[in-house]
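Descriptive structure summary
One letter stands for each residue in the lines below.
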Amino acid sequence: FGKKINIIGFDINRERINELQNGFDRTKELEPSQLAEATHLKFTYLPEEIAQANIYIITVPTPIDKNKSPDLSPLLKASETVGKVLKKGDIVIYESTVYPGCTEEDCVPVLEKFSGFVFNKDFYCGYSPERINPGDKLHTVSKIKKITSGSNPETGVIVDKLYSSIITAGTFLASSIKVAEAAKVIENSQRDINIAFVNELAIIFSKMGIDTSEVLEAAGTKWNFLPFKPGLVGGHCIGVDPYYLAQKAIQNGYNPEVILSGRRINDGMASFVASRMVKLMIKKGHLIANTEILVLGITFKENCPDVRNTKVADVVNELTDFGACITIVDPEADNADVKHEYGLNIHQSIPQKKFDGILLAVAHKAFAELDLEQYKNEKTVIFDLKSFFNKDLVDARL
């Protein structure tokens, strides 16, 4: 947007704003040169400086709490901030992933309360869910088709036209905000369920001594077999969004058995991975207490610095509970973020020492050229969760 129209980038995190003003994007999604190209873009952490806008796009996180219930506090606080500066005729567009009805039932009342205005008379809303694949430099924002919607037909057209100006892949104008909200939340719920299926297969096949990767490769020769792979399901989307849909379903009197069953399987994978790693090491003669295990990767996915809701941290905690000494290496992650979120310390590169176990948790490109032999002793176990290394180099794959 900042290449075409006047844009104000607002965040309550002053450090983040200062970084962006200096051309640095900590998410590594944009290079300094790309930020420099957005000549109509300015950044601020001062709420009064957003009052001049006519359209507000709210993109805050929608996490879950410790009880795995939706936490709308960032969304509602952002709505309060916007509500205080709202003017007649303004449009508020939400991009945060929510359950169907959240925009109009939870956010709009906050906008009305703090603005003193009437919804769909004095101000209007839209919903256009975030679509981005972190770390993917091919499928960038403008190249992914965008769902749009509005609180009335006229607003829907305005919202759609706005996004059409920057989304080269095109837009899809949904019939209502609720339809757009539902479309987004089922995207990630569908992926979660499919991954849960192959995770269950991985558990079954590990008990049978069958390599899951080889099974999936064979099955994938059929044209309509879906190419999902087993793994840890974390992050701020796939591991979170199904709980939003599940809670709304329960509120409407239906218990979503398939959705929650998939969540239980995926949430249990960290424990399964740690247990299997320990079993592999015991078979090679290790006493697990005080063994040295190298964990490669802590982010929730490859080639991005995002550590939100990463399940690798759960694996580390499980292995620590077994008595192992863990060394985490991740060249993409920020140590301060990992320390703040999980109380763990990480290294940017591998210390020059031998390890009893090596666990490849995240398939960062930076790990592709590693010479694992220099970190092995005569009994080292290598467990590859991502089928990343050559099969002949590892003891087991997930």
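Read on for an overview of the structure. (Residues numbered from 1 in each chain as written. Predicted model: local features only at pLDDT ≥ 70, side-chain atom pairs only at ≥ 80, totals over all residues. Heavy atoms only, no water.)

**Considering the packing of aromatic side chains**
Inspection of every chain in the model, using the stated rule, returns four aromatic pairs. Taking 5.7 Å as the distance between ring centres and 45 degrees as the angle between the ring planes, the aromatic pair formed by Phe119 and Phe123 counts as tilted. Phe123 matches Phe119 in its accessibility class, with the two residues each being buried. Consider the rings of Phe388 and Phe389, whose centres lie 5.3 Å apart with planes at 65 degrees: the pair is edge-to-face. (Phe/Tyr/Trp six-rings, centres within 6.5 Å; stacked < 30°, edge-to-face > 60°. Buried < 20%, exposed > 50% of the residue type's maximum accessible area, 1.4 Å probe, protein only.)

**Considering the pairing of strand 4 (residues 91-94)**
Of the two faces of strand 4, both are covered, the one formed by Ile91 and Ile93 as well as the one formed by Val92 and Tyr94. The pairing of strand 3 (residues 55-58) with strand 4 spans four bridges and is parallel. Among the inter-strand pairings, Ile55 is bridged to a residue of strand 4, identified as Ile91. Taking the sense of rotation as the criterion, the β-α-β connection linking strand 3, helix 3 (residues 73-83) and strand 4 turns out right-handed. When strand 4 meets strand 5 (residues 124-127), the two strands line up parallel, connected through four bridges. Paired with Ile93 across the two strands is Gly126, which belongs to strand 5. Crossover handedness for the path strand 4 to helix 4 (residues 102-115) to strand 5: right-handed. (Helix = DSSP H or I, 4+ residues; strand = E, 2+ residues; numbered from the N terminus. Pairing = 2+ DSSP bridges. Right-handed = clockwise from strand over helix to strand, strands pointing away.)

**Comments concerning unusual backbone geometry**
Here Asn120, not a glycine, exhibits a phi torsion of approximately 65 degrees, which is positive. Within the secondary structure, Asn120 sits in the loop between helix 4 and strand 5. Here Asn120 falls in the partly exposed class, since its relative accessible area comes to 31%. One non-glycine residue, Asn309, lies in the positive phi region at around 55 degrees. With respect to the helices, strands and loops of the structure, Asn309 is situated in the loop between strand 8 (292-296) and helix 11 (312-321).

**Things to note about the environment of Pro153**
Its place among the elements puts Pro153 in helix 5 (residues 153-164). Of the residues examined, Pro153 reaches a relative accessible area of 65% and is grouped as exposed. Here the alpha-carbon distance between Pro153 and Glu369, two residues 216 residues apart in the chain, equals 54 Å.

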